[in-house]
Structures are given as structure tokens and as C-alpha cells.
There are 2 protein chains.
Amino acid sequence: MADIAAEAHVSVKTVSRVVNHEPGVRPDTAERVRGVIERVGFRRGDSGATLRQGRTFTIGLVVEDLADPFYSHISAAVEREARIHRYLLVTASAEGSPTRERSVLKGLVARRVDGLVVVPAGETPVADPTVIASRTPVVYLDRPVRSETAVDTVLSDNLGGIRSAVEHLVAHGHRRIGFLGDSPDVWTARQRREGFVATLRDLRLPGTPLVAMGPHTPETVRTALTRWTSGADPVTAVITGNTRVTIPALTSLHAWATQLSFVAYDDFELSDVVEPAATVVHQDPAAMGQKAAQQLFARLLGDEGPAQTFVLPTRLIVRASGAPRRPARDVRNVSAS
Amino acid sequence: MADIAAEAHVSVKTVSRVVNHEPGVRPDTAERVRGVIERVGFRRGDSGATLRQGRTFTIGLVVEDLADPFYSHISAAVEREARIHRYLLVTASAEGSPTRERSVLKGLVARRVDGLVVVPAGETPVADPTVIASRTPVVYLDRPVRSETAVDTVLSDNLGGIRSAVEHLVAHGHRRIGFLGDSPDVWTARQRREGFVATLRDLRLPGTPLVAMGPHTPETVRTALTRWTSGADPVTAVITGNTRVTIPALTSLHAWATQLSFVAYDDFELSDVVEPAATVVHQDPAAMGQKAAQQLFARLLGDEGPAQTFVLPTRLIVRASGAPRRPARDVRNVSAS
DNA sequence: TTGTATGCGTTATCAT
DNA sequence: ATGATAACGCATACAA
């Protein structure tokens, strides 16, 4: 900036004024300065300004895995919201490790991001002393965090979602339903399991709930399905607890295609192409990311209200997979021959 | 930091030394300083350091759409590489618009990112004067950019990939093959189209090449397939040019399932679950992102060598969809009855 | 309308 | 081993 000033024979302050579109500069002076800026290709660096005014116009996002569709949609939504406010987004993966999470949070705080959206890796208060001390506004997403002080949180309606799945299957006449959940380490997986069990109870379905928590592979799914379908009271439908379960499950489900109905928690690309087209519980990760970012920006804009928790609704997208299976035509032919 | 210094009865410089683990501090002094730091919960802010040493330890990534699996895998890989070097990653979507791309690039440059990985929206030299002037190292990814000066570029072997797809189909006896490409606005789509045509020519396959460029919807795919399968010399196989084409195409391909083989460019989740399991040309977005980031860090670490272009190989993952279709059993039964 | 002095938090230089 | 001071690039307050 000093270079520009020298070149245009004005003071740095005048250049600053021009760059920031401040009033009080004679048009021709401004023009001259702009000319030089254009010629040299100058851009104001925010580092100085940041230092001076203590704001970086950058927010941070911490997720488990950027490559996971669920998180990538969240990430895209948060970035979009940030762009609306002319903010930039720094993204970091914690890879499910609380340790790594702490370390990336420290990095983010050191960079003095103005705010944070965090999908907490563990439930232990990520409310790291570092973050607390920095007084950086934080919005938690997808999972709550235990904390003495209330914190802004955006959740999905896991209980309602799983309930809609069970009710859908029951409406189709299913009475014996299995639940394939993700690892019990994951809060949402536990929530859905509990929701599943609670719904069965509320609906007074007979028998003990059939639950197989993950992490799952095609093999573990096959084992569970074999067990569930071979007893005296075989399951006729299963619910997969999230996409990480649905993907390996779909392979195995094929083998039971003629007997088992299913509902998948989380929509997925090609959900309408697989056979049968998958009925899914759709939670809108884009909406979740957007809501979290909006709440964060409300804070950044001065909202001092009490911490809030938002629970976003899920939507059951009905396709074919929830309906009772009929023996496929070729199978019938084979057995008839 | 000054507070710490006062509290510990040392100079700021000494505190700085302790914080940065610089040598030349007496152990007991260091210990005392650390104690105070611990007590007041101090964290060095990078803004001052950035200002002083002109480095942000942050790199920027510009892609089209963070939610697109291709880009989200790239993004995850770049972020991972950044983390290895203890850098942070700022991601921004250009949404395919050169205008927006310029604007996000300006934002990134203003933040003084130390380097950039850019998936260019257009082919017009994104080599924006702003970026040039900032002398920020840039690595282009997935698509080249026309520029007077050579620039580091990481590409995928589009020609080789499409060739492997065609050859695979030809090896399975197909002679009449259609190509469903993405919008011709996209460089990679054009590359693959050209590669397709060139391969047909090299293999001396008869007839004019059948090409339908996008953007595609299930309808446009259906129209093309209807046309191609209804003539005197019907196609027996199609190639989809990328995932944005494969997804809508899969819906329509179902209707032709008994006649058409296919190979999809780009692997996709569930590629082995769809029926028939999809043979795909796999370009490894994670490897691409990693390579680009590695090249960028090489530059950041002082590599002054001439600009390089890397062309990463693709891999044909053979599943079932490339083999000639036989009438499915149930269809045969029906026609026999 | 324009310019000068000062400070933001940190590190580098050069003392002591 | 430690400290005083300048400097980084910009914006704020104030002066001219």
C-alpha cells in the first residue's frame, strides 16, 4: 500500500480511503490512485486489517470426513451461507478423533476465525478451554455436547425420523422388524436405536426388539439377516440406521430381496435406482448446515439471546422398498418348474 | 502476550521464545512463563505473526461444488495433505461461474493464502491479474488453463480412460457404441468425446460416432437411447461421460437393461450394487487432490523448477455391465409363454 | 480534501 | 540468557 502511495504521490491514508471506498477523496485523486492500483495489481491484504480490527471474516467448520456425502452437503451449505455474508470458510476434518478435533480447533482459534460450526467427534465437551477462552461463538451441529453452559445446537429429529420409518413399515403390515445401526460410539446411532425400541414399544409390537449395531460390513449384515430370518418368528423388514450401514447392507439385502422390505435412514444418490427403489428417511444436511451457519451469523451480528437448540424435521420419502415383498416372477417360475 | 510478560516479569520476546519453543531460555524461566500461560489460558494469535512474516499457513481450494462427490473427495485429500504440513484449508465454491471464481480468488488472495489449488471454471486464464500480482503459487487441477506462462497442472488421463472403456466394450463384441457426454462447456466432457471418437477411428469401427452431449436428464438420455436403438444398426452399448450423466442415465438404462451394456466414466457409490454391477473408469479424485497439494507444497518449500503437468492414470474397474446383455430369465420365460 | 501519528500482536535484529 | 525496539500492513483518531 505504501508503494501505491508513493507511486501516486499521495499518503497511505488516501490509498486506504480509495481502497475502502471511503468518502472525502477528490475524484481525480481517487482516479489516479485507482490507476496505479490497477497497474500494479494491488489487493488489500486482510492481515493488517485483521490485526487492527480483530476480525478475520472467516468462519471455521469442523467435521468428521469431508468426503462423506452427509458432511460434504453440510460443508457446501455452510460455505454458501458464509459467502452470502462475504465470509470465507475454513474446513477441517477431525476424522472422528477427539484428539484431532482439539488440535484442529486450536488451529482455527489461533487463526482467529470469527466463529465455528462444529460436528463434535465425541460428546465430551469439545468446549475446549482454548475455545472458551477465545470467546469464539460456536454452533454445534448434528450432535449435542455436554456442557455446563448452554450452547447453540442444531440437531435432526432422529427419534421422529426413526418413528416414521417404523410406522411406515407397520402400516404395510410388517410386525417383525430389525434395526441395523451404525457404531454405538456415534450419538445419532444410539438415538435411532432408542427411537426404534421406543416406537416398537409404543406400537405394542410383540417380541424383543431386534437390533444389530455396527460398524457394519456386508458380512456382519449377512450374519444378522441370517439370524433374524431363520428363527420361528422371522423379520420381514429391516431399517438401516444411516448411509454407512445402508451401503454395505444393500449388497447383502439383495440375497433376501424376495423376503425383506427395508427403509433406509438417510437418502442416498441412486436411492430411486436400486431395486426395489428405496424408501428413505431424509434428513436434509444442506438445511442443517444452513441453519447452523445462520445461527452463527446471528451471533456474529450481535445476537446475545440465550443459547438455542433447533431440531430440524426429517421427511419420509416413500418409494417401493417398504412394501411387502412378493416373490419375484423368475423365482416363482423356478419354483413352479 | 504483553500481559504474560508482565505477569512473569520477563520481556515479550522471552514469552515469544517460550511459545515458539525457541532455544536460549533458561529452563526455570521457561517454566515460569509456561505456568502463567497455563493459568491465564493464553494462545498465540497468528494474525500478528502473519503480519510479521507474511505467511498464513493456509492454502485455498476453489472447486465448482463442494457437495459433488468428485470435488468432495478432492477437497478431503487436499485438506489431509494440508494438515500433514500443519496448514489449514480454506475452501470456496465457484459454482461453475468464472465471475464467481474471480471473486472468490480475490477473497483468497486478500486473505493472503500461501498457495492455491484451483479447479478452473472456465478455460480463460483464471490467471487473474490479482492472483498473478500476488505471486501466490497456483496449481490447477482437473482442467488446464490457457496461459502465456506455464503453470503447474494436475490432470486425469481422459483420453486413456475413455479408450479403455471403448476397448473393453469392443473386446466384448460390441461394435456400435453410444457416448453420453456431459455439457460441452466442460473441458473434460469435450476431451472424453474426442477420445471416444478418436478411439472408434483407431479401432476402425464402422459408422459415424454416436454422441449425445449434455447436460442430461433422464428424458434426454431416453431420447438418445430410443434413437440409437431403433435404427437399422442399433447400439449395443453406451458409455456415460461422468457421474452427472451416469446418475440420470441409470434410471433410463433400466428400460433397456436387456439390450444395452454400459461403462460409466467415474466410479460411484453403489456401482457394485446396481443391476448389472457397473463397469467403470475410475479416476482417483483423492489421488488427484493429493498430487495437486503435494506439488503446491513443493513450491511452498522452495521448489523453483519449471512448471509441470501431471497426468494421472485411470483404472478400468471391470464388473458386469460391459458384457453383452442376455435376455433376463424372466423375460425369456415371458416371451416363451 | 489530505496527511501524520499511533497502535493492533507478533517476530527479527541487535543490544546487553 | 534476556531485553529493548523496530517493523509488518492496515485503520483509527486527529490535525492541517
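Small disclaimer: the values here were computed from a predicted structure and weren't measured. (Residues numbered from 1 in each chain as written. Chains lettered and ligands numbered in written order. Predicted model: local features only at pLDDT ≥ 70, side-chain atom pairs only at ≥ 80, totals over all residues. Heavy atoms only, no water.)

Quick notes on the interface of chain B and chain A
At the interface, 56 residues of chain B touch 57 residues of chain A. Here chain B meets chain A over a buried area of about 4600 Å², counting both sides, of which 59% is carbon and sulfur. For the chain B face of the interface with chain A, the top three residues by lost area are R43, L88 and R111 of chain B, together amounting to 14%. In this structure, the salt-bridge partner of E95 of chain B is R83 of chain A, at a minimum N-O distance of 2.9 Å. Linking chain B with chain A are 18 residue pairs in polar contact (both at pLDDT 80 or more), by the criterion used here. Sorting the residues of the side of chain B that touches chain A by element identifies α4 (46-53), α5 (69-84), β2 (88-93), α6 (98-110), α7 (129-134), α11 (243-253) and α13 (329-336) of chain B as the ones contributing at least two each. Among the elements that make up the side of chain B that touches chain A, the one with the highest residue count is α5 of chain B (8 residues). The class makeup of the residues in the side of chain B that touches chain A is 22 nonpolar, 17 polar and 17 charged. Strand direction decides the pairing type here: strand β2 (residues 88-93) of chain A and β2 of chain B, joined by 3 bridges, are antiparallel. Bridge pairing in β2 of chain B places L89 of chain A opposite T91 of chain B. (Contact = heavy atoms within 4.5 Å. Buried area = accessible area lost by both parts, 1.4 Å probe. Salt bridge = Lys/Arg side-chain N within 4 Å of Asp/Glu carboxyl O. Polar contact = N/O pair within 3.5 Å; in protein donor to acceptor, adjacent residues only side chain to side chain. Helix = DSSP H or I, 4+ residues; strand = E, 2+ residues; numbered from the N terminus. Nonpolar A, V, L, I, M, F, W, Y, C, P; charged D, E, K, R; others polar. Pairing = 2+ DSSP bridges.)

Points about the relation of the copies chain B and chain A
In the superposition of chain B on chain A (RMSD 0.4 Å, axial shift 0.2 Å), the rotation amounts to 179 degrees. Both copies of the chain, as the preceding transformation shows, are related through a two-fold rotation axis. Looking at the rotation axis and the C-alpha trace of chain B, the residue lying nearest is V90 of chain B, at 2.0 Å. (Least-squares fit on C-alpha atoms with pLDDT ≥ 70 in both.)

Structural notes on the packing of aromatic side chains
What the rule picks out here adds up to 8 aromatic pairs over all chains. Geometrically, the ring pair formed by Y87 of chain B and F297 of chain B is edge-to-face, given 5.0 Å between the ring centres and 80 degrees between the ring planes. Residue Y87 of chain B is found in the loop between α5 and β2, and its partner F297 of chain B is found in helix α12 (residues 285-300); the two are separated by 210 residues along the sequence. Residue Y87 of chain B shares its accessibility class with F297 of chain B, and that shared class is buried. Cluster of aromatic residues (ring-pair linked, three or more members): F57, Y87 and F297 of chain A. (Phe/Tyr/Trp six-rings, centres within 6.5 Å; stacked < 30°, edge-to-face > 60°. Buried < 20%, exposed > 50% of the residue type's maximum accessible area, 1.4 Å probe, protein only.)

Quick notes on the protein's contact with DNA strand D
What surrounds DNA strand D is a group of 24 residues, the closest being K13 and R52 of chain A together with R17, R26 and T29 of chain B. When atoms of DNA strand D within 4 Å of the protein are sorted by moiety, sugar and phosphate together comprise 57%. Contact distances for DNA strand D include 3.0 Å between a base nitrogen and a backbone N or O atom of G48 of chain A. One nitrogen or oxygen atom from the side chain of R52 of chain A is found 2.7 Å from a base nitrogen belonging to DNA strand D. Mapped onto the surface near DNA strand D, the elements with two or more residues apiece are α2 (12-19) and α4 (46-53) of chain A together with α2 (12-19) and α4 of chain B. Looking at the surface near DNA strand D element by element, the count peaks at 5 residues for α4 of chain A. Here the residues of the surface near DNA strand D are counted per class, giving 7 nonpolar, 10 polar and 7 charged. (Near = heavy atom within 4 Å.)

Details of the sheet that holds strand β9 (residues 261-265) of chain B
All names here are of chain B. Pairing within the open sheet is mixed, and its 6 strands lie in the order β7-β6-β8-β9-β10-β12. Each having just a single partner strand, β7 (210-213) and β12 (315-317) make up the two edges of the open sheet. Each neighbouring strand pair of the sheet contributes to a mean axis angle of 20 degrees, computed without reference to strand direction. Sheet topology places strand β6 (residues 177-181) next to strand β8 (residues 237-240); 4 bridges connect them, and they run parallel. Considered in β8, the bridge of F179 is made with I239. Contacts between helix α9 (residues 187-202) and the sheet are confined to β6, β7, β8 and β9, with β7 contributing the most and set at about 175 degrees to the helix. (Axes fitted to C-alpha atoms, helices over the stretch in contact; angles between N-to-C directions.)

Overview of the protein's contact with DNA strand C
Close contacts around DNA strand C come from 23 residues, with R17, R26, T29 and R52 of chain A together with G45 of chain B the closest. Each atom of DNA strand C within 4 Å of the protein belongs either to a base or to sugar and phosphate, the latter forming 56%. Within the side chain of R17 of chain A, a nitrogen or oxygen atom sits 2.7 Å from a base nitrogen of DNA strand C. Contacts to DNA strand C include R52 of chain A, whose side-chain N or O atom sits 3.3 Å from a base nitrogen. At the level of secondary structure, the elements contributing two or more residues to the surface near DNA strand C comprise α2 and α4 of chain A together with α2 and α4 of chain B. When residues of the surface near DNA strand C are assigned to their parent elements, the largest contribution, 5 residues, is made by α4 of chain B. The class makeup of the residues in the surface near DNA strand C is 7 nonpolar, 9 polar and 7 charged.

Section: the UniProt feature "domain: HTH lacI-type" (unreviewed entry) in chain A
When the UniProt feature table is mapped onto this chain, "domain: HTH lacI-type" (unreviewed entry) is found at residues 1-53 of chain A. In this annotation, residues 1-53 of chain A is assigned 70% helix and 0% strand; the end-to-end C-alpha distance for the span is 18 Å. (UniProt positions renumbered as here; feature names shortened; annotations may be inferred.)

Quick word on the nonpolar core
W228 of chain A together with W228 of chain B are the most contacted members of the largest nonpolar core, which has 48 residues in total. Elements that contribute at least two residues to this core include exactly β7 (210-213), α10 (218-230), α11 (243-253) and β9 (261-265) of chain A together with β7, α10 (218-230), α11 and β9 of chain B. W228 of chain A has contacts with G178, F179, L180, L210, V211, A212, D233, P234, V235 and V238 of chain A, leaving out every residue within four places of it along the chain. (Core = buried A, V, L, I, M, F, W, Y, C linked by side-chain atoms within 4.5 Å.)

Section: the pairing of strand β6 (residues 177-181) of chain A
All names here are of chain A. Counting buried positions along β6 gives 5 out of 5 residues, so the element sits mostly inside the fold. The alternating pattern of β6 places I177, F179 and G181 on one face and G178 and L180 on the opposite face, and all of these are buried. Direction of pairing for β6 relative to β7: parallel, over a ladder of 4 bridges. Considered in β7, the bridge of L180 is made with A212.

Describing the confidence of the model for chain A
Residue and element names in this part refer to chain A. In this model, chain A carries a mean pLDDT of 90, and residues with pLDDT of at least 70 account for 95%. Mean pLDDT in chain A bottoms out at helix α13 (residues 329-336), which sits at 38, and peaks at strand β11 (residues 309-312), which reaches 98. For the stretch residues 328-337, pLDDT sits under 50, and the model shows 6 contacts to residues farther than four places along the chain or on other chains. (pLDDT = per-residue confidence, 0-100.)

A word on the sheet that holds strand β5 (residues 152-156) of chain A
Pairing between the strands of a sheet is mediated by backbone hydrogen bonds and can be parallel or antiparallel. On the basis of which strands lie adjacent, the open sheet formed by 12 strands has the order β11(A)-β5(A)-β4(A)-β3(A)-β1(A)-β2(A)-β2(B)-β1(B)-β3(B)-β4(B)-β5(B)-β11(B) and mixed pairing. The open sheet has two edge strands, β11 of chain A together with β11 (309-312) of chain B, and neither has a second partner. Going across the sheet, the axis of each strand differs from the next one's by a mean of 20 degrees, ignoring polarity. As defined by bridge partners, β5 of chain A adjoins β11 of chain A across 4 bridges and the pair is classed as parallel. The residue bridging T153 of chain A from the neighbouring strand is T309 of chain A, located in β11 of chain A. Set on the sheet, α5 of chain B makes contact with β2 of chain A together with β1 (58-63), β2 and β4 (138-141) of chain B; between it and β1 of chain B the angle comes to about 170 degrees.

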